[in-house]
Amino acid sequence: MYVCICNGLTDRDFRRAAESGVATVGAAFQFLGAAPRCGRCIDCVRGIVEEREPVRVDAYAVAAE
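The text that follows walks through the structure, step by step, so that each part is easy to find. Because the structure is predicted, anything quoted here is derived from the model rather than measured.

Conventions adopted
Residues numbered from 1 in each chain as written. Predicted model: local features only at pLDDT ≥ 70, side-chain atom pairs only at ≥ 80, totals over all residues. Heavy atoms only, no water. Helix = DSSP H or I, 4+ residues; strand = E, 2+ residues; numbered from the N terminus. Polar contact = N/O pair within 3.5 Å; in protein donor to acceptor, adjacent residues only side chain to side chain. Buried < 20%, exposed > 50% of the residue type's maximum accessible area, 1.4 Å probe, protein only. Arc of directions from axis to C-beta. Contact = heavy atoms within 4.5 Å.

Quick word on the environment of R37
Then, number 1: Structurally, the position occupied by R37 is in the loop between α2 (25–31) and α3 (42–51).
Then, number 2: Each C-alpha atom, one on R37 and one on C4, is 8.9 Å from the other, the two residues being 33 residues apart in sequence.
Then, number 3: A distance of 3.3 Å separates a polar atom in the side chain of R37 from the backbone oxygen of C6.

Notes on α3
Then, number 1: Inspection of α3 places V45, I48 and V49 among the buried residues, and these make up the whole buried set. Projected onto a plane normal to the axis of α3, the buried residues spread over an arc of 95° and lie on a single side. Relative to its buried face, α3 has exposed residues pointing more than 90 degrees away, namely D43, E50 and E51.
Then, number 2: Residues of α3 that are buried in the fold lie against β1 (2–4), α1 (11–19) and α2.

Section: α1
Then, number 1: By the burial criterion, the buried members of α1 are D11, D13, F14, A17 and A18. Mapping the buried residues of α1 onto a view down its axis gives an arc of 160°, with all of them on the same face. Seen from the open side of α1, the exposed residues pointing more than 90 degrees away from its buried face are R12 and E19.
Then, number 2: In the stretch just after α1, G21 is the one whose phi turns positive, near 115°.

Remember, this is a structural readout, not a statement about activity or role.
Right, here's the structure in full:
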């Protein structure tokens, strides 16, 4: 489904960006080589980016290695 009509970007595009590790709407657009224009897609993009569980790193485990 098209999410950002201005840039012709789909939910698959934004999911691919999220899977690569982006954590913000701006980072997702940057990853895709685009920029938000009218802004109507921002809430949808935010939802897609936030669907992905953030990767948490145990700082103590890393320090012990």
